Amino acid sequence: MIIEQFINEKISQITAYVEAVFNKKIHYTELDRFINDTMEEWTLLKVIDDTPGNARERVFWHLIHELTLHGGQALKHDLFFIAEINTCLDFFYGKGSYPVDCIGWRPIA
């Protein structure tokens, strides 16, 4: 699987997970587990370049890092964090602009 396919698939999945947490359809721990699984899968690709291929990938990595740092539980009560995550989702959906404070770099081995 090439990197672009991986990222596009994971963007689709993470948006579904985050929306499901927002809508209380899944527990936030499912989102946390998805992120851990995604990181494990990423290591199998053995990527050595930390520069994202495009803006969507940069926002994806920013979203992953933010969710890892704060945890899915922050989506329940941290209004600033929720707004930041919604900005990322809007960008993925083509409804918003690139997040202002987005710093998304690929993790490398």
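These numbers come from a predicted model, not from an experiment.

## Comments concerning the overall build of the protein chain
Of the regular secondary structure elements, the protein chain holds five helices and zero strands. Starting at the N terminus and ending at the C terminus, the protein chain contains elements arranged as α-α-α-α-α. The globule rule puts the C-alpha radius of gyration for 109 residues at 13 Å, and the 13 Å found for the protein chain is close to it. Scored against the burial criterion, the 109 residues of the protein chain give a buried share of 39%. The long-range share in the protein chain, meaning contacts at least 24 apart out of those at least 6 apart in sequence, stands at 70%. Accessible area of the protein chain: about 6400 Å², with a carbon and sulfur share of 55%.

## Structural notes on the packing of helix H2 (residues 28-44) against helix H3 (residues 55-70)
Helices that pack against each other are described as a pair by the angle of their axes relative to one another and the distance between those axes. Their axes nearest at 10 Å, the elements H2 and H3 cross at an angle of 125°. Considered as vectors, H2 and H3 are oriented oblique to each other. For the element pair H2 and H3, the recorded crossing hand is left-handed. When H2 is examined against H3, the residues Leu31, Ile35, Thr38, Met39 and Trp42 are found in contact with a partner set consisting of Glu57, Phe60, Trp61, Ile64, Leu67 and Thr68. Taken together, the residues of the contact of H2 with H3 sort by class into eight nonpolar, two polar and one charged.

Criteria and thresholds
- Residues numbered from 1 in each chain as written.
- Predicted model: local features only at pLDDT ≥ 70, side-chain atom pairs only at ≥ 80, totals over all residues.
- Heavy atoms only, no water.
- Helix = DSSP H or I, 4+ residues; strand = E, 2+ residues; numbered from the N terminus.
- Rg over C-alpha atoms; globule rule 2.2 N^0.38 Å.
- Buried < 20%, exposed > 50% of the residue type's maximum accessible area, 1.4 Å probe, protein only.
- Contact = heavy atoms within 4.5 Å.
- Areas by Shrake-Rupley, 256 points an atom, 1.4 Å probe, with all protein chains shown as cover.
- Axes fitted to C-alpha atoms, helices over the stretch in contact; angles between N-to-C directions.
- Parallel < 35°, antiparallel > 145°, perpendicular 65-115°, else oblique.
- Left-handed = near helix turned anticlockwise from the far one by under 90°.
- Nonpolar A, V, L, I, M, F, W, Y, C, P; charged D, E, K, R; others polar.

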